[in-house]
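Summary of structural features
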Amino acid sequence: MNKKQIKICEGLLLKRRQEILSDLEVHDRDANGLQGDVAADPLDLADGSRSLELMRALGDAERREIMEIEHALGKISMGSFGGCEWPDCTANIAYERLEVLPTARMCIKHQETYEQIARSGQALPPRRFLRRDGVT
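Residues numbered from 1 in each chain as written. Predicted model: local features only at pLDDT ≥ 70, side-chain atom pairs only at ≥ 80, totals over all residues. Heavy atoms only, no water.

**Here we look at the nonpolar core**
Definition in use: For our purposes a nonpolar core is just a set of buried Ala, Val, Leu, Ile, Met, Phe, Trp, Tyr and Cys residues, chained together by side-chain atoms within 4.5 Å. Buried, partly exposed and exposed residues are distinguished by accessible area as a fraction of the type maximum, computed with a 1.4 Å probe on protein chains only: under 20%, between the cut-offs, and over 50%, respectively. Runs of H or I in DSSP of at least four residues are treated as helices and runs of E of at least two as strands, each being numbered from the N terminus. Contacts are residue-level and defined by heavy atoms, with any inter-residue pair within 4.5 Å sufficient.
Formed by 14 residues in total, the largest nonpolar core has its most connected members in Leu 13, Phe 81 and Leu 98. Of all the secondary structure elements, the ones that give two or more residues to this core are helix 1 (3-36), helix 2 (42-78) and helix 3 (95-100). Among the elements that line this core, the one with the most residues is helix 2, at 5 residues. Ignoring anything within four residues of it in the chain, the contact list for Phe 81 reads Met 1, Ile 6, Cys 9, Leu 13, Ala 72, Lys 75, Ile 76, Leu 98 and Pro 102.

Structure follows, in structure tokens:
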């Protein structure tokens, strides 16, 4: 992957991170508002609880996505962005895949293998992770 392609992916990651952070602020304000509401009847209480749980779930998914974005940005800064994290794989993730999903951690072949293993309930192989000191 060339520097221009990496810059494009970095821009996509930064833009998505900003969108998520803005959404989280809205979700947190809405959740705090729901917690302060006093329900008039049991149906209102159930509906409020369901809405609160939905907002918390959305917040958790968004927080996980932020972690994936931070991981990808870390790989960019360390110069390892685009490399497959499957053990012993030296392949690069296709730019077309990263353009659509810049947080992708594995090449398509190993992503499919990972998903098949996960569905089967077998133990997943450890992926390589980026440590704070830049070592995978």
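**Quick word on the environment of Glu 19**
Within the secondary structure, Glu 19 sits in helix 1. For Glu 19, a relative accessible area of 34% corresponds to the partly exposed category. For the pair Glu 19 and Glu 62, spaced 43 residues apart in the sequence, the C-alpha separation amounts to 9.9 Å.

**Topic: unusual backbone geometry**
For Asp 88, which is not glycine, the phi torsion reads 65 degrees and is therefore positive. Relative to the helices and strands, Asp 88 resides in the loop between helix 2 and helix 3. Note on Asp 88: relative accessible area 75%, which makes it exposed.

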